[in-house]
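Tertiary structure, described
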Amino acid sequence: MGNPMKIRAAVKDGVTEVKILMQHEMETGMRKDGDGSLVPAWFITEVKAQYQGRTVLEAQFGQSVSKNPYLLFRFKGGAAGEKVTVSWVDNKGDSRTDEVAISA
Amino acid sequence: MNKEINLGRREALKAGGGIGLMAVLGAYGLLNSTAAMAEWNKAAFSSKAMDEAFAAMGAANPEVNATAIQLSVPEIAENGAIVPVTVSSTLANVEQITIFVDKNQNVMAANFIFPAGTESMVTTRVKMGQTANVVALVKADGKFYRTAKEVKVTAGGCGG
Amino acid sequence: MNISNVKKVILVLSLTASYAAVAADAAISDSDRIEQYREMISDGNPADFDEMRGEELWKKPGGPKNVSLEKCNLGKGPGVVKGAYAELPRYFKDTKKVQDLESRLLTCMTTLQGIPEADITAKPFASEKKASDISSLATYVVGQSKGIKMAVSLKHPKEKEAYEIGKRIFNYRAGPYDFACSTCHATSDVRIRMQDLPNFHVQKDAQAAFTSWPAYRVSQGLTRSFQWRLNDCFRQQRFPEPKFASEVTVDLTMFLAVSANGAEYAGPGLKR
């Protein structure tokens, strides 16, 4: 089970803005540790954001996405109190799902 | 960077990527059985060159369009570990936005799929090993467009 | 562009071609471009995760006595975290000392929770690429002063004394390089590579510098505390390593914190 995300979602003029900060090392698999051996690749590969059971954004990541990935996007609709759910999976099969209530 | 190291990295990646994909599909089966995810494009994410990556994305020769795609990146990144990238587009029916760093080992950084009702914009952060071009590829109405901007990456110093 | 900048640019030009491009552009508006970069990454600070971890540590019973830190008095009464950092360092009656945030947390962890001091100070910043408990606690506490104006008091004679000693330490030249803090931080337009260095004699600079620490340091992947910041300054000056939470660090912090009075606390920051 991955570490919790920080998700913020706010609706303004009928558009919901979602900001997501994920906790993940995002190891490229190209970095060497102190002993000179390669640190294995370990990174989030897929992210999905849903609103009311409907997918509002899908993302696929490679090794070049920064440690603790950040995403910002906007979708039409959304009302205060409704939920936005975000899930990710990484290349080791670990996953994490968090949700947040939309604020006005 | 010598060839031997590059090969070593590629081998390591191949191994990692292979296991990863299986695990991803497995986890998603548990996580979400109703809606199918777009598949993690292994060929595109392992591409070492832009043309190779474009081809793997089915965008053999995307049209350059710097006006219909807005690519916002800093001119200088104090630290290549975090380079903020915002891509938006005024094109109609944007389905997909893909972000690349042309001098990274694996050039493709992230791919975003936009369902109807989601605005054609996304902000994320990418790693850059050196000064390079950030490239945005936009698929709208089934057609591909691209634009690029250079980001100068400075090796940070001490202090702060 | 002044003469010394011209010299720097010429020097860099003669060194490497790739750096030349950066340096030549940099001579135009280096600082503006870095400011633009910092602005673009200001939202979404990974220090948020340390704040979350610190809050858990604050509220969770721990140590041999198995109690939380919710009775810890950071100066505004037991358990009051909101705004506490904006008034630190300050004099504490119970310890009869001026304490900064981290030395005060050390007091609370040892007295309330019964954790041996050596267990905390052995690795006070981080180990195994993970922030120490005291460091995460500090991140949580400072976050509770975000937006609050710095108002560090000099009313108590001990506070005034700490400030005066801190000021002397700031200007004290020593070590193999004959450096003082003021060597780099008392003149404007000084930089290390791309980074402008704050001049603590200019109020606006001092405020901006102090209120942006602690900070998540991208290059280290860790949130760094103010004690760490000073420890690293001492290292850069080739001074002996200061003892964690020692008087010298608290007094210097007092001087720097007072120089930031009046500005809204803006941390935890996010730095290259």
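Since this is a predicted model, take the numbers as computed values, not measurements.

The next point concerns the overall build of chain B. When helices and strands are counted, chain B shows 3 helices and 9 strands. The buried share among the 160 residues of chain B stands at 46%. Of all intrachain contacts in chain B linking residues separated by at least 6 positions in sequence, the fraction that spans at least 24 positions is 63%.

Time to look at the interface of chain C and chain A. Listed by partner, the interface residues are 6 residues for chain C and 7 residues for chain A. For the side of chain C that touches chain A, a count of residues per class yields 2 nonpolar, 2 polar and 2 charged.

Of all 11 residues in helix H6 (residues 133-143) of chain C, 10 are buried, a share of seventy percent or more. In this structure, the buried side of H6 of chain C is in contact with helix H3 (47-59), helix H4 (101-111), helix H5 (117-121), strand E3 (126-127), strand E4 (130-131) and strand E8 (222-224) of chain C.

The next point concerns the domain arrangement of chain C. We note that the domain assignment places domain 1 (3-40) and domain 2 (47-271) within chain C. For domain 1 of chain C versus domain 2 of chain C, the distance between C-alpha centres works out to 32 Å.

Let us look at the nonpolar core. The tendency in soluble globular proteins is for nonpolar side chains to be buried as a group. In terms of nonpolar packing, the biggest core is built from 123 residues, with Ile99, Phe100 and Ala136 of chain B together with Val141 of chain C touching the most fellow members. Residues within four places of isoleucine 99 of chain B in sequence aside, it is in contact with Val85, Val87, Ala109, Ala110, Thr124, Val126, Val134 and Ala136 of chain B.

Our focus in this paragraph is the interface of chain B and chain A. Listed per partner, the contact involves 41 residues of chain B and 36 residues of chain A. For the side of chain B that touches chain A, the leading source of residues is helix H1 (residues 3-31) of chain B, giving 11 residues. The residue makeup of the side of chain B that touches chain A, split by class, is 25 nonpolar, 12 polar and 4 charged. Sheet topology note: the strand E4 (residues 54-61) of chain A/strand E6 (residues 108-113) of chain B ladder contains 4 bridges and is antiparallel. Among the inter-strand pairings, phenylalanine 61 of chain A is bridged to a residue of E6 of chain B, identified as alanine 110 of chain B.

All names here are of chain A. Note that strand E1 (residues 6-12) and strand E2 (residues 15-21) share 7 bridges and pair antiparallel. What sits directly across from lysine 12, in E2, is valine 15. Hairpin geometry of E1 and E2 is characterised by an intervening segment of 2 residues between the two adjacent antiparallel strands and by a positive phi of about 50° at aspartate 13.

Backbone-to-backbone hydrogen bonds pair the strands of a sheet. The strands run either parallel or antiparallel. Residue and element names in this part refer to chain C. Overall, mixed pairing links the 3 strands, which are arranged E8-E7-E9 in an open sheet. Two strands close off the open sheet at either side, each with one partner strand: E8 and strand E9 (269-271). The sheet shows a mean angle of 35° between the axes of neighbouring strands, direction not considered. When strand E7 (residues 215-217) meets E9, the two strands line up parallel, connected through 3 bridges.

We now examine unusual backbone geometry. Residue and element names in this part refer to chain C. In this structure, proline 89 follows leucine 88 across a cis peptide bond, with omega equal to 0°. Among the structural elements, proline 89 can be located in the loop between H3 and strand E1 (90-92). Of the consecutive residues glycine 267 and proline 268, the connecting peptide bond is found in the cis state with omega at -5°. On the secondary structure map, proline 268 appears in the loop between helix H11 (247-259) and E9. Of note, asparagine 66 is a non-glycine position whose phi angle comes to about 50°, a positive value. Inspection of the secondary structure assignment puts asparagine 66 in the loop between H3 and E1. Residue classification places asparagine 66 among the exposed residues on the basis of 10 C-beta atoms within 10 Å. We note that arginine 238 has phi near 60°; this positive angle belongs to a residue other than glycine. Checked against the element boundaries, arginine 238 lands in the loop between helix H10 (226-236) and H11. What makes arginine 238 exposed here is the crowd of 12 C-beta atoms within 10 Å.

Cut-off values and rules
Residues numbered from 1 in each chain as written. Chains lettered and ligands numbered in written order. Predicted model: local features only at pLDDT ≥ 70, side-chain atom pairs only at ≥ 80, totals over all residues. Helix = DSSP H or I, 4+ residues; strand = E, 2+ residues; numbered from the N terminus. Buried ≥ 20, exposed ≤ 12 C-beta atoms within 10 Å, placed from the backbone. Contact = placed C-beta atoms within 7 Å. Nonpolar A, V, L, I, M, F, W, Y, C, P; charged D, E, K, R; others polar. Domains from an automatic or database assignment. Core = buried A, V, L, I, M, F, W, Y, C linked by C-beta atoms within 7 Å. Pairing = 2+ DSSP bridges. Axes fitted to C-alpha atoms, helices over the stretch in contact; angles between N-to-C directions.

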